[in-house]
Amino acid sequence: MAGGAAGVAPQGWALDARGLAFAYPGAAPTFSDITLAVRPREIVALLGGSGCGKSTLLRVLAGLQAPSAGDVRFLGAPLTEPSPRSALVFQQASLLPWLNVTANVGFGLDFARQPKIARDTHARRVRDAIAAVGLAGSEKRYPAALSGGMAQRVALARALAREPELLFADEPFSALDAITRAEMQTLLVDVVHRWHSAVLLVTHDIDEAMLVADRIVLMGGRPGRIVREWTLDLPQPRLADTAALGALRLDILAALHDQRAIPSSS
Ligand SMILES: Nc1ncnc2c1ncn2[C@@H]1O[C@H](COP(=O)(O)OP(=O)(O)OP(=O)(O)O)[C@@H](O)[C@H]1O
Ligand SMILES: [Mg+2]
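Residues numbered from 1 in each chain as written. Chains lettered and ligands numbered in written order. Predicted model: local features only at pLDDT ≥ 70, side-chain atom pairs only at ≥ 80, totals over all residues.

If you look the protein chain up in an unreviewed UniProt entry, it shows as ABC transporter ATP-binding protein from Duganella aceris. For the protein chain, the Sequence similarities (unreviewed entry) comment in UniProt is given as "Belongs to the ABC transporter superfamily." (UniProt positions renumbered as here; feature names shortened; annotations may be inferred.)

Written as structure tokens, this is what we have:
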């Protein structure tokens, strides 16, 4: 299967951000003093209430936005722009309506910033990614003929086709119904394990974080900071372990409650 982590020392960080701060022009700081690292193949959930700065932090970590202070290193090198060795998935699948599933998944693989790949490698990557998300047989369909869940599968396949070392995902399943969301959460864990990719998953869904993450990082306060962290050593799939998940859920809820009581420093 596609190997993402080649070239990364196992003990090294995929992503290593230190002392990050960010403020939108003319506004109070969105977050400050954020230090966050992601290991190769690790799934980290960044959890926090609406407006605490999760999406802004994700954009800074992905190289889409420069921080006001601090450094981001990706695969050991300073990050100044989005890396072709990372991929992004958002709440909306953002497919190109005039391209079918195959062309949407392959879209961008040939862009100048991307590593050069042979034609057959391109075709193989697209085919493998489509099969992995369960869309074999739907290659010729256009986005208008896809359900929301299928469209998000295409978006995930498009990310996998890049064989990313790190997948940035910003609430990728929050627009889906509960049943489809649960399927997609299971699928995400399965495919990133097979692709050897790390994941930074932004979510405000505690259950989603508990079901998919190796580590949960709670963001809160104003300006936003990392206020708590939990390492989950529960095996996958996790739905069966209701006692452990119930206890963790209560702990996270208590921490969320506490961080909302943190007085504003801005
Ligand atoms: N382009 C922008 N210009 C100015 N302020 C912004 C911009 N984007 C976001 N903000 C503000 O920055 C803060 C953090 O927003 P952000 O979208 O990062 O939060 P979030 O945690 O992702 O929220 P949600 O869970 O609702 O997606 C909010 O107060 C928001 O209003
Ligand atoms: Mg957001």
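What about the sheet that holds strand S9 (residues 215-220)?
In spatial order, the strands read S6-S7-S8-S3-S9-S10; together these 6 strands make up an open sheet with mixed pairing. Each having just a single partner strand, strand S6 (86-89) and strand S10 (225-231) make up the two edges of the open sheet. When the angles between neighbouring strand axes are averaged without regard to direction, this sheet yields 15°. Relative to S9, strand S3 (residues 43-47) is paired through 4 bridges, and the arrangement is parallel. Its bridge partner being in S9, Leu47 is matched across the sheet by Leu218. The sheet strands contacting helix H4 (residues 148-160) are S6 and strand S7 (166-170), and the helix crosses S6 at an angle near 170°. Against the sheet, helix H7 (residues 242-260) touches S9 and S10, its axis set at about 20° to S9. (Pairing = 2+ DSSP bridges. Helix = DSSP H or I, 4+ residues; strand = E, 2+ residues; numbered from the N terminus. Axes fitted to C-alpha atoms, helices over the stretch in contact; angles between N-to-C directions. Contact = placed C-beta atoms within 7 Å.)

Digging into the packing of H4 against helix H5 (residues 178-195)
Between H4 and H5, the least distance of the axes is 11 Å, while the angle of their chain directions is 15°. Classed by the angle they form, the pair H4 and H5 counts as roughly parallel. Both H4 and H5 take part in a crossing whose hand is right-handed. When H4 is examined against H5, the residues Gly149, Gln152, Leu156 and Leu160 are found in contact with a partner set consisting of Thr180, Met184, Val191 and Trp195. (Parallel < 35°, antiparallel > 145°, perpendicular 65-115°, else oblique. Left-handed = near helix turned anticlockwise from the far one by under 90°.)

Concerning the sheet that holds strand S4 (residues 69-74)
The strand order across the open sheet formed by 4 strands is S2-S1-S4-S5, and the pairing between neighbours is antiparallel. Edge positions in the sheet fall to strand S2 (29-38) and strand S5 (77-78), since each has one partner strand and no second. In terms of strand pairing, S4 meets S5 through 2 bridges, oriented antiparallel. Following the sheet pairing, Phe74 is matched in S5 by Ala77. Against the sheet, helix H1 (residues 54-61) contacts strand S1 (15-23), S2 and S4, and its axis sits at roughly 125° relative to S1.

Overview of unusual backbone geometry
A cis geometry characterises the amide bond from Arg222 onward to Pro223, with omega recorded as -5°. Tracing the chain through its elements places Pro223 in the loop between S9 and S10. Gln236 connects to Pro237 through a cis peptide bond whose omega is -10°. The topology assignment puts Pro237 in the loop between S10 and H7. One non-glycine residue, Arg41, lies in positive phi territory at about 70°. Position of Arg41 among the secondary structure elements: in the loop between S2 and S3. The backbone phi angle of His196 is positive, close to 60°, even though this residue is not glycine. For His196, a count of 18 C-beta atoms within 10 Å corresponds to the partly exposed category. (Buried ≥ 20, exposed ≤ 12 C-beta atoms within 10 Å, placed from the backbone.)

Here we look at the pairing of S4
As paired elements, S1 and S4 share 5 bridges and run antiparallel to each other. What sits directly across from Ala21, in S4, is Ala69. Linkage of S4 to S5, two consecutive antiparallel strands, is achieved through a turn of 2 residues, within which Leu75 is found at a positive phi near 50°.

Quick notes on H7
Taking 1.5 Å as the rise per residue, H7 with 19 residues should run 27 Å; its terminal C-alpha atoms sit 27 Å apart, in good agreement. Among the 19 residues in H7, 0 count as buried, and that is only a small part of the element. (Expected span 1.5 Å × (residues − 1).)

Focus on the site of ligand 1
Near ligand 1 you find Tyr24, Ala27, Thr30, Gly48, Ser50, Gly51, Cys52, Gly53, Lys54, Ser55, Thr56 and His204, and these make up its full shell. Per-class residue counts for the shell around ligand 1 are 3 nonpolar, 8 polar and 1 charged. (Near = placed C-beta within 6 Å. Nonpolar A, V, L, I, M, F, W, Y, C, P; charged D, E, K, R; others polar.)

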